[in-house]
Amino acid sequence: ENPQHSDMKFDAVVANPPFSAKWSSDKKFMNDERFKEYEKLAPKSKADLAFIMHSLAWLAPNGTAAIVCFPGIMYRGGAEQKIRKYLIDNNFIDCVIQLPPNLFFGTTIATCIMVLKRSKVDNKILFIDATNECIKVTNNNKLTEDNISRIIEVFTARENVAHFSHL
């Protein structure tokens, strides 16, 4: 709600915002450069897409953002559905990487990473199902160097891999 870099643009934004945090979602934000083009605000009880909109606003023309997301942003309706549609229609979503459950401290849910770009070269979205790319360590899952390398290789190549990725 209080941007700290209003006069800057970034080549890269990496974020792990709090899931389903509350925010004011005040009507004053409808005139805010970060949100006004969407014509909708993220709900007061779920700021997930507000963080995404905020991150996208600070990207340089060739910038990339990678944001760890609560899975609900992929299917919730209402304003969130309209914001998702705007992100897709304006070709900002580059990739969605589904991660395994029990990966992050403090949450057992399977999260995802949404990769956004201001200037994509195509109008396709890559989906990577990395839910099995992990090893079990006690009650948690962990991505190994091999797991990370596989995800990065497929992301970079932007290719279809049976039971793993779809462009």
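Here the structure is a predicted model, which means the values were calculated and not measured. (Residues numbered from 1 in each chain as written. Predicted model: local features only at pLDDT ≥ 70, side-chain atom pairs only at ≥ 80, totals over all residues. Heavy atoms only, no water.)

### As for the pairing of strand β2 (residues 59-69)
Thought 1: Bridge count between strand β1 (residues 10-15) and β2: 5 bridges; the pairing is parallel. Pairing of Val-14 across the sheet is with Ala-66, part of β2.
Thought 2: Where β2 lies against strand β4 (residues 112-117), 6 bridges are found, and the strand directions are antiparallel. Within the sheet, the bridge partner assigned to Ala-65 lies in β4 and is Leu-116. (Pairing = 2+ DSSP bridges. Helix = DSSP H or I, 4+ residues; strand = E, 2+ residues; numbered from the N terminus.)

### Regarding helix α3 (residues 145-157)
Thought 1: Look at α3: 18 Å from first C-alpha to last across 13 residues, which is about the 18 Å you get at 1.5 Å a residue.
Thought 2: For α3, every residue scored as buried is listed here: Asn-147, Ile-151 and Val-154. What you see down the axis of α3 is that its buried residues fit within an arc of 70 degrees, all on one side. Exposed and facing more than 90 degrees away from the buried side of α3 are Glu-145, Asp-146, Glu-153 and Thr-156.
Thought 3: The secondary structure elements touched by the buried residues of α3 are β3 (93-98), β5 (126-129), β6 (135-137), β7 (140-142) and β8 (165-166). (Expected span 1.5 Å × (residues − 1). Buried < 20%, exposed > 50% of the residue type's maximum accessible area, 1.4 Å probe, protein only. Arc of directions from axis to C-beta. Contact = heavy atoms within 4.5 Å.)

### Quick notes on the pattern of salt bridges
Thought 1: Here the structure, examined in full by the defined rule, presents 7 salt bridges.
Thought 2: Ionic pairing is found between Lys-117 and Asp-94, a salt bridge with its closest N-O pair at 3.9 Å. Pair noted here: Lys-117 is in strand β4 and Asp-94 is in strand β3, with a separation of 23 residues, a long-range link.
Thought 3: Arg-158 is paired through a salt bridge with Asp-94; the nearest N and O atoms lie 2.9 Å apart. Separated by 64 residues along the polypeptide, Arg-158 in the loop between α3 and β8 and Asp-94 in strand β3 bring together distant segments of the chain.
Thought 4: Using a relative accessible area of 4% as the deciding quantity, one classes Asp-94 as buried.
Thought 5: Each of Asp-94, Lys-117, Asp-122 and Arg-158 takes part in a single network of salt bridges with overlapping partners. (Salt bridge = Lys/Arg side-chain N within 4 Å of Asp/Glu carboxyl O.)

### Here's the deal with the nonpolar core
Soluble globular proteins: nonpolar side chains tend toward being buried together.
Thought 1: By size, the foremost hydrophobic cluster in this structure holds 26 residues, and its most contacted members are Ile-52, Leu-87 and Leu-116.
Thought 2: If you list the elements that add at least two residues to this core, you get α1 (48-57), β2, α2 (79-89), β3 and β4.
Thought 3: No other element matches α1, which puts 5 residues into this core.
Thought 4: If near-sequence neighbours (up to four positions away) are discounted, Leu-116 is found in contact with Ile-52, Leu-56, Leu-59, Gly-63, Thr-64, Ala-65, Ile-67, Phe-92, Ile-93 and Asp-94.
Thought 5: Among the nonpolar cores identified, the runner-up in size contains 11 residues, and Leu-99, Ile-128, Ala-130 and Val-154 belong to it. (Core = buried A, V, L, I, M, F, W, Y, C linked by side-chain atoms within 4.5 Å.)

### Observations concerning the pairing of β5
Thought 1: Of the two faces of β5, only one is covered, namely that formed by Leu-126 and Ile-128; the face formed by Phe-127 and Asp-129 stays uncovered.
Thought 2: Sheet topology note: the β3/β5 ladder contains 4 bridges and is parallel. Each residue of the ladder has a partner; that of Gln-98, found in β5, is Asp-129.
Thought 3: The pairing of β5 with β8 spans 2 bridges and is antiparallel. Bridged to Phe-127 within β8 is His-166.

### Looking at the confidence of the model for the chain
For residues with low pLDDT, the predicted coordinates do not support detailed interpretation.
Thought 1: Scored by pLDDT, the chain has a mean of 87; 92% of the residues are at 70 or more.
Thought 2: Per-element confidence in the chain ranges from a low mean pLDDT of 86 for β6 to a high of 97 for β8. (pLDDT = per-residue confidence, 0-100.)

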